[in-house]
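# Per-entry structural report
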Amino acid sequence: MDEGKKRKEITGWLHLDPRSKLLILVLFSVVVMIDVVDGPAYIVRAIMTFVPVFLVCLEGKLHIGARFTVLFIAASVLQNYAQRHFGGALGMLVLFLCYMVTQFAPTMITVWYCISTTKINEFMAAMNRMHAPQGLSISIAVMMRFFPTLAEEYRSIRDAMKMRGIQFGGGKVTKMVAYRLIPLLFSSVNIGDELSAAAVTRGLGVPVKRTNICDIGFHACDFLIVSVMSILTIFYVWLSLQSGVKLL
Amino acid sequence: MIKIQNVNFHYNGLERGGLKNINLTIKDGECVLLCGASGCGKTTLTRLINGLIPHFYKGELTGRVVVNGKAIREQELYSLAGLVGSVFQNPRSQFFSVDTDGEITFGPENIGLPKREILARKGRIVAELNLQSLMNRSLFRLSGGEKQKIACGSVAALLPEIILLDEPSSNLDWSAIRDLRDMLKLWKAQGKTIVISEHRLWYLKEVIDRAVYMEKGEIVREWDREEFASLSESELAAYELRPVNLEERYIREYSGTESAYEHFPYQVNEAPRDEPYKNNDILLKNFYFTYHPQKYLFFKKKLSPKDAPICTIRIPSLQVKPGEIVGITGGNGSGKSTFLRCLCGLEKTCIGSVWMDGQRYAGKKLTKLCYMVMQDVNHQLFTDSVLSEVLLSMEKPDETQAKEILASLDLLEYREKHPMALSGGQKQRVAIASAIAANAKILLFDEPTSGLDYRHMKEVSLLLKELAKRGKTIFVSTHDPELAAECCDRTIRIKDGRIAQIS
Amino acid sequence: MNQNKLQARDFITIGIFTAILWVVQMVIMYLGFLSPFIVAGYAVLIPIVTGIPMMLYYARIEKFGMITITSVIVAILLFIFGMGLTGAPICIAAGLIADLIAKSGNYKSWKKTFVSYGVFSLWVVASYLPLVLTADSYKQSLLEGGYDASFVDTLFTLVTPKTYPVIIVICFISGMVGAVIGKAVVRKNFEKAGIV
């Protein structure tokens, strides 16, 4: 692996400040909160959706960006069509599936982008700058680190279930849940204990001001992306107010 | 200097792992090995020194532990951070960051050192421990050995005077263990005090100054380096310890750096076949698999033997006799585990098939034919009692038969216990019991002896032989040369997903 | 050592269990998009299923603040996923009250734990609130968007300003039920295995 590629493994070469990412998330959540189905506001919303997709593509994850784009456009078109021509239960199902994609997929991809490109200590530095309590930062940092661990553990458990043919819990929903959740909890508790022991022996929780060697700060691209997103958000809110959507 | 005086310890609510009347003094710069069977209290002893006992693990503690003049009991746990560094057994669970750089600087950042000092230390540690190639990586994509190296680096960055290692080699392959040994030598040369609790002894014989042997929570014997290195195999066997001196043939067989193998001619189109194919043999065909298939937007390209150059696993054919124990060796990342996963049908895109008794098994049928006992057996236990675990695997639950299976594996007395309450070896046997109950004909074992002591390793090997005698065909992937020598009818060396050698 | 102050170890426990809580509820959310009935059923399903990890979590809590921090993190996540503004403050309030209730039982009393978890579960209905408060305009926009009128009606028969108090009560009761089930599972598995 060459040097340039390696550097991409986590932060990506765009290297946005974690606070910019947070701001993008917040702006995005405002957009998601206001439900608009058509009109010019919808177009603004679609444009905003593709900003994170563009960012993901910039990090070299072209196939993810491409997949999302195809899925999103297909869902939007289908939704539009289904609204006019489908009725009954089938129509509902299609509408709901499309709604799920158009409504939540943009947030998912944004969250995924933000988490996967942020190092834990960058995040801690950003929280520190925003004067968040350290305990909260540690908890959230552990949570961020734990999502991939949960995924890893779940994959192993699912494999083990496949080998024994108990993925469907013998047809019982309670067993389906229990066979997944209980082994997952056992691993989590073990990993949690070992992680705590390792972190505490390396001085986590020492009552001195924690140093942070991460250089975080706003750069040109931060300003560019944040201002683009802010302007779009304001525009979006204004447009939806015009079309009579109540804010809340 | 570490001084442990008249220490007794008992974990709350646990029978195992307590300590009785421990007296031990470790001089500055000394390297001490703690050895003994699982549950003898070696790990507990290390926890006395790093303060996890009594501050983290609760229990009844009497006696005094003094490290560099500080009584551990009166210290806050965090104030020991710069003094005692600890490397733990499981590489997966001891990192806090998601990236390697952040992990190295984690400790110094915690204790609030100035930024310039931290960067200087990081540079120094990376150079000393040869971590350059691991920098700027995601920790989730490193192998166990690489993670363990980062853990060592992370501990070293705090510049502790004392370093504790708790079974650090459990999940490591041969070459990673040698890297670990080099690190230990470096630390020793820097004058650090090292306490290491370990089952695998061969890599430590030149490093340690003293070996302390424990049994049931007590210190029973001590040897100095010369005495320890000259212990004969029978003496070690009497203490149930693993060999100190490895035979040359192990090194040749497992080191993988032997130049003879580098030039081993790969036979891409035809597997090495040592004898003519017989009808009742088991034939593995077309095991090709890759983690990075050519992707179309939503679908992956179906593999065919022509894709061999891009495959992680490329085994055109392999035949084994029924009831044979086949050892699979090779370094980390050579594809051993992946091969086992393909063999029991967990990798959907693998096109391999198995011929047995004139029938062809592929895809989902493989999961019925083969059963894998995973390295982390905790993932395979789903129910709240050993008996129901076995019943779960049966097509038609039959309690009498289940009890017979349990009895044959010495598990009958534990049938009402929770599988998670058992020891590691017992859990492994529960997983085997459910494999037998599921009527699997081929059993796969992924690193069954990693982290096991001598006696348990022996037990596993006897068990495998017993299973083979009952007609099961067994594939066992292992780093453990002793296990392979003990029970395998033949071993297959895998390199880059190909069969490099059959012996 | 100040035994009542949260230590690094507690923060790690918080992070881990909050991660589990969030992942489990996300899974249920996604199942829910298949039917409007399940959407309304969140108030029952989420408290009951997350009862299992949460009771294990409660079993490991000895200090004040852990449940509150969990609710703060959940509120942040709710906000990011667009259920914020009204949902987030209620979520934090529910967490704080739940924490106080559990504290009054010294984190040992099971009765108080059940009530505490019932209150904590109210974060689930908090995320409904926008739907209720903006019901009319939301309904209008759905109809304008071409959604089937009967479907929109189905959705709003279950979640309306009138039924909202009922949903709150149902959610609270489901939380208590979830706590009882979770406690049983913890006893049957984790206590039996000796890790609690």
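Counting starts from 1 at the beginning of each chain's written sequence and moves along it residue by residue. Whichever chain is written first becomes A and whichever ligand is written first becomes 1, with later ones labelled in order. Per-residue local features are limited, in this predicted model, to residues with pLDDT of at least 70; the limit for side-chain atom pairs, both in listing and counting, is 80 or more; totals at the level of whole chains, interfaces and linings are taken over all residues. The side-chain values count all of the structure's non-hydrogen atoms but skip hydrogen atoms and water molecules.

### Examining the overall build of chain B
Quick reminder of the rule: Going along the chain from the N terminus, every DSSP run of H or I of four or more residues is numbered as a helix, and every run of E of two or more is numbered as a strand. The globule rule used here is 2.2 Å times the number of residues to the 0.38 power, and the radius of gyration it is set against is calculated over C-alpha atoms. In this scheme, a residue with accessible area under 20% of its type's maximum is buried, one over 50% is exposed, and one in between is partly exposed, where area comes from a 1.4 Å probe on protein chains only. Only heavy atoms enter the contact rule, under which two residues are in contact if any of them lie within 4.5 Å. As used throughout, the charge tally considers Lys and Arg to be positive and Asp and Glu to be negative, leaving His and the chain termini uncounted. By convention, the charge on Lys lies at NZ, on Arg at CZ, on Asp at CG and on Glu at CD.
When you go through chain B residue by residue, the secondary structure sums to 17 helices and 20 strands. For 503 residues, the compact-globule estimate of 2.2 N^0.38 gives 23 Å, and the C-alpha radius of gyration of chain B, at 24 Å, lies within 12% of that figure. Projected onto its principal axes, the C-alpha positions of chain B cover 75 × 55 × 50 Å. Buried positions account for 58% of the 503 residues belonging to chain B. Across chain B, the fraction of contacts at a sequence separation of at least 24, relative to all contacts at a separation of at least 6, is 70%. Taking the average place of the 68 positive charges on the side chains of chain B and the average place of its 64 negative ones, the gap between the two points comes to 6 Å.

### Quick look at the packing of aromatic side chains
This is how it is decided: Aromatic rings from Phe, Tyr and Trp, with only the six-membered ring used for Trp, were paired whenever their centres fell within 6.5 Å, and each pair was classed as stacked if the ring planes differed by under 30 degrees, edge-to-face if by over 60, and tilted otherwise. In this analysis the charged atom, NZ for Lys or CZ for Arg, is taken to sit over a ring once it is within 6 Å of the ring centre and within 35 degrees of the ring normal.
Counting across every chain of the model gives 23 aromatic pairs over all chains. Here the aromatic rings of phenylalanine 287 of chain B and phenylalanine 339 of chain B are separated by 6.0 Å at their centres, their planes lie at 80 degrees, and the arrangement is edge-to-face. Residue phenylalanine 287 of chain B is found in strand β11 (residues 282-289), and its partner phenylalanine 339 of chain B is found in helix α11 (residues 336-343); the two are separated by 52 residues along the sequence. For the pair shown, phenylalanine 287 of chain B and phenylalanine 339 of chain B are each scored as buried. Three or more aromatic residues joined by ring pairs make a cluster, and in this case those are Phe9, Tyr11, Phe56 and Tyr57 of chain B. Taking NZ or CZ as reference, arginine 145 of chain A lies 4.4 Å from the ring centre of phenylalanine 95 of chain B, over its face. For arginine 9 of chain C, the ring lying beneath its charged end belongs to phenylalanine 56 of chain B, and the centroid distance is 3.7 Å.

### Quick look at the domain arrangement of chain B
Residue and element names in this part refer to chain B. Going by this rule: Boundaries of every domain are those given by an automatic assignment or by a domain database. Here the quantity called buried area is the accessible surface, traced with a 1.4 Å probe, that two parts lose on coming together, added over both. In the sections that follow, a salt bridge refers to a side-chain nitrogen of Lys or Arg positioned within 4 Å of a carboxyl oxygen of Asp or Glu. As used in this structure description, the phrase polar contact means that two N or O atoms lie within 3.5 Å; if the pair is within protein, one of them must be able to donate a hydrogen and the other to accept it, and residues adjacent in sequence are counted only when both atoms belong to side chains.
Parsing chain B into structural domains produces domain 1 (2-83 + 160-245), domain 2 (88-158) and domain 3 (259-502). For domain 1 versus domain 3, the separation of C-alpha centres amounts to 34 Å. In this complex, domain 1 contributes 16 residues to the contact, which on the side of domain 3 involves 17 residues. In total, domain 1 and domain 3 occlude about 1400 Å² of area from one another, counting both sides; carbon and sulfur atoms represent 49% of this. Where domain 1 touches domain 3, the interface holds three salt bridges. Residues arginine 455 and glutamate 240 are paired through a salt bridge, measuring 3.1 Å at the closest nitrogen-oxygen approach. In this assembly, domain 1 and domain 3 are joined by five residue pairs in polar contact (both at pLDDT 80 or more).

### Topic: the nonpolar core
Defined as follows: Only buried Ala, Val, Leu, Ile, Met, Phe, Trp, Tyr and Cys residues count toward a nonpolar core, and they belong to the same one when joined by side-chain atoms within 4.5 Å.
Judged by nonpolar contacts, the single largest core of 243 residues is most densely connected at Ile4, Phe96, Phe287, Phe339, Val354 and Phe475 of chain B. The element contributing the most residues to this core is helix α1 (residues 8-32) of chain C, with 14 residues. Apart from the residues lying within four places of it in its own chain, the contact partners of phenylalanine 287 of chain B are Ile313, Arg314, Ile315, Phe339, Cys342, Leu343, Cys350, Gly352, Ser353 and Val354 of chain B. Of all hydrophobic cores here, the second largest spans 41 residues; its members include Val373, Ile405, Val476 and Cys488 of chain B.

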